[in-house]
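Structural features, examined
Listed here are the chains, written in short residue letters.
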Amino acid sequence: MVSLDSPITVVRPHLIEFGLGTAEKLGAWAASKGYSRTLVISDAFNATRVELLQLKGEVSVFADVTPEPDIANLDKVLAAAEAAQADLIVGFGGGSAMDLAKLAAVLAGSPQTLREVVGPNKVQGPRKAALAQVPTTSGTGSEAGIRALVTDPETKAKLAVESLHMLADIAVIDPSLTFSVPARTTAATGVDAMAHCVEAFTNRKAHPMIDMYAIEGTRLVGKYLARAVRDGSDAEARAGLSLASLYGGFCLGPVNTAGGHALAYPLGTRWHVAHGAANALIFPHVLAFNTPAVPEKTKAVMEALGYSASDTVKSVFDAAYAFCAELGIEMTLSGLGVPQNDLDAMADDAFAIRRLLDNNPRDLTRADIRSIYEAAY
């Protein structure tokens, strides 16, 4: 773990609008900046409510964002961006829409290709279009970050791009946009937000400047997620989750996630399990595995979730598993349709994600990963 005097770089969107009814502020902001040609990158559902953003001028909408987007989906987005010649690009949806918006903002009209910018700090700037992010789920925190991921369908690996040039000029977080999210999706995305916070809090690169966001984001999920699952129109609960998601996004830039996300990714890339659902299933297993390496921080996590403090592996696993299962989340790989004969390939894929595994507070061997998948089956 790093110490208080360790250097850290923290970035935020240049402007953050937060609260019920703030969606319409995007249009006023865009008009004040003189933007007249906007491309909104969205999924089919959110494309039907773009008018909530009150954008003026020429507005084009790409409505074909897919969950866990791949290179082909990105290529379609870039073609739409080239056609629109927009001076403002808006990501309007979940993490998939916002990640594609980031990539469109830096790659449309650029001589660089996706392959050339994979990794940290390879994007040549400045970008040609402004970037706005409007999340409609409470999970990824992508509105706050500088990373974007797409799947390579050939290798089934996530390609991660990281660049300050993908930082939003404005993030508009209106919890009322999440009222329509179904209970099951609310549960899974809420645990994803919590996983961002917990994995950053227990990370080898954890830093006191980020710890405050991480533990508060965890506490917000512990307090509000079950309420939002029970009643999707609970404004306070939805706002609490939106804030938790934003705090999770704050954690991703300077610290990032660790073993939990590394083990969750193959579920999405190989079997198209939704990112939040994959993280929820894996969460108790990796939290318990890491407990011997970070007992005090694990106690703090359990207290934030509303459980009595304990640092025994079994009690941590039981409590974290119960937290997720009681939300109605499927907690077995077999229940998600993952075949048992694919566990070895999944373990190979996860073990190769060094950018995350190297952050984990306890070394995860390939055998450890395979054992966790077996236990989760």
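1. Examining the sheet that holds strand S3 (residues 58-62)
If you walk across this open sheet you meet the six strands as S1-S9-S6-S4-S2-S3, and the pairing is parallel. Of all the strands in the sheet, the pair left with one neighbour each is strand S1 (15-18) and S3. For this sheet the average axis-to-axis angle between neighbouring strands, irrespective of direction, equals 15°. Looking at chain direction, strand S6 (residues 130-135) and strand S9 (residues 170-173) are connected through two bridges and run parallel. Within the sheet, the bridge partner assigned to Ala132 lies in S9 and is Ile170. This element, helix H4 (residues 95-107), spans strand S2 (37-42), strand S4 (88-93) and S6 of the sheet and lies at about 165° to S4.

2. Points about the pattern of salt bridges
A full pass over the atoms with the stated rule returns 21 salt bridges. With a closest N to O distance of 3.3 Å, Arg366 and Asp344 form a salt bridge. A residue pair is termed long-range when its members are at least 10 positions apart, and Arg366 in helix H15 (residues 366-376) and Asp344 in helix H13 (residues 343-351) qualify at 22 residues. By relative accessible area, which is 37% here, Asp344 ends up partly exposed. As a salt-bridge pair, Arg370 and Asp344 come within 2.9 Å of each other at their nearest N and O atoms. Of this pair, Arg370 sits in helix H15 while Asp344 sits in helix H13, and the two are 26 residues apart along the sequence. Through salt bridges with shared partners, a single network forms among Asp344, Asp348, Arg366, Arg370 and Glu374.

Parameters at a glance
- Every chain is numbered on its own, with residues counted from 1 as its sequence reads.
- Predicted model: local features are reported for residues with pLDDT of at least 70 only, side-chain atom pairs are reported and counted for 80 or more only, and whole-chain, interface and lining totals are derived from all residues.
- Hydrogens and water are ignored here; the side-chain numbers use all heavy atoms of the structure.
- Strand pairing is defined by DSSP finding a minimum of two bridges between the two strands.
- In DSSP terms, a helix is any run of H or I states spanning at least four residues, a strand is any run of E spanning at least two, and both are numbered starting from the N terminus.
- Helix axes are fitted to C-alpha atoms over the stretch in contact, other axes to C-alpha atoms as well, and angles between N-to-C directions run from 0 to 180 degrees.
- Here a residue-residue contact requires only that any non-hydrogen atoms of the pair lie within 4.5 Å.
- We define a salt bridge as a side-chain nitrogen of Lys or Arg found within 4 Å of a carboxyl oxygen belonging to Asp or Glu.
- Each residue gets one of three labels from its accessible area relative to the maximum for its type: buried under 20%, exposed over 50%, partly exposed in between, using a 1.4 Å probe on protein chains only.

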